[in-house]
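# Observations on the model geometry
Listed here are the chains, written in short residue letters.
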Amino acid sequence: PTRKDDKVVPLTTQDNDELLLATSELSIHEQRNEQRLEKATREAKKHAGGLKLFSGNGNLALANEIAAILGIHLGKATVGKFADGEIKVMIHENVRGRDVFIIQPTCPPVNDNLMELLLMVSTMNRASARRVT
């Protein structure tokens, strides 16, 4: 029933059909909006979420697979060596206040992989990452 001039008027079949049509159109519109918002959320997670994933040179394939499963991009970093053989790490993204995960195995060559990992952790801490894992 609906109110008309403070009187209760019963709904007719035609009114009920129009109400159902309006409701179904609204739900289709709401579904489209929800899908658009979900897509925007996924894109935002890929580009500017609170989670950052980085990798050393130990196993880039593993890091890329993990990033694909999580639906995020692998962080931009340069991990290499100076001319004298010392390891250098440069992070090309803002990690301030973000949770940072570093994928780096300690398989052979153990010394190089471990030093890359330690330097990456130190670099992330100096860049004010919220947490480094």
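Residues numbered from 1 in each chain as written. Predicted model: local features only at pLDDT ≥ 70, side-chain atom pairs only at ≥ 80, totals over all residues. Heavy atoms only, no water.

## Thoughts on the pattern of salt bridges
Opposite charge on two side chains makes pairing possible when the charged atoms of those side chains draw close. Rules: The salt bridge definition used is simple: a Lys or Arg side-chain nitrogen within 4 Å of an Asp or Glu carboxyl oxygen. Secondary structure is summarised from DSSP: a helix means a run of H or I of at least four residues, a strand means a run of E of at least two, and numbering begins at the N terminus for each. Partly exposed describes any residue whose relative accessible area lies between the buried limit of under 20% and the exposed limit of over 50%, with all areas from a 1.4 Å probe on protein chains only and scaled to the type maximum.
Across all of its chains, the model carries 4 salt bridges by this definition. The partner of D112 in a salt bridge is K81, and the shortest N-O contact between them spans 3.3 Å. Taken together, the positions of D112 in helix α3 (residues 110–126) and K81 in strand β4 (residues 77–81) put the pair 31 residues apart, joining distant regions of the chain. In this structure D112 comes out as partly exposed when scored by relative accessible area, which is 23%. As a salt-bridge pair, D99 and R131 come within 3.0 Å of each other at their nearest N and O atoms. With D99 in strand β6 (residues 99–103) and R131 in strand β7 (residues 131–132), the pair connects residues that are 32 residues apart, well separated along the chain. We classify R131 as partly exposed; its relative accessible area is 49%. Ionic contacts of the salt-bridge type, sharing partners, join the residues D99, R130 and R131 into one network.

## Examining the environment of P105
We count it as follows: Throughout, a contact is declared for two residues whenever any of their heavy atoms are within 4.5 Å.
You can see P105 is positioned in the loop between β6 and α3. Once the C-alpha coordinates of P105 and G56 are considered, the two residues, 49 residues apart in sequence, prove to be 8.5 Å apart. Apart from residues lying up to four places away in sequence, P105 is in contact with G58, N59 and N113.

## What about the side chain of E116?
Worth spelling out the cut-off: This count recognises Lys and Arg as positive and Asp and Glu as negative, with His and chain-terminal groups excluded. Within 3.5 Å is the distance limit for a polar contact, defined as a pair of N or O atoms, with the added protein rule that one can donate a hydrogen and the other accept it, and that residues adjacent in sequence qualify only through two side-chain atoms.
Inspection of the secondary structure puts E116 in helix α3. Look at E116: it is buried, it has no salt bridge, and the nearest opposite charge is K81 at 6.8 Å. Of note is the side chain of E116, whose polar atom sits 2.9 Å from the side chain of Q104.

## What about the sheet that holds β7?
Using the following cut-off: When DSSP locates at least two bridges between a pair of strands, those strands are taken to pair. Between the N-to-C directions of two axes lies an angle of 0 to 180 degrees, each axis being a line fitted to C-alpha atoms and, for a helix, fitted only over the stretch in contact.
Pairing within the open sheet is parallel, and its 3 strands lie in the order β3-β6-β7. Two strands bound the open sheet, and with one partner strand each, they are β3 (51–55) and β7. Where helix α2 (residues 60–70) meets the sheet, it contacts β3 and β6, and its direction lies at approximately 160° from that of β3. Sheet strands touched by α3: β3, β6 and β7. Its angle to β6, the strand with the most contacts, is close to 170°.

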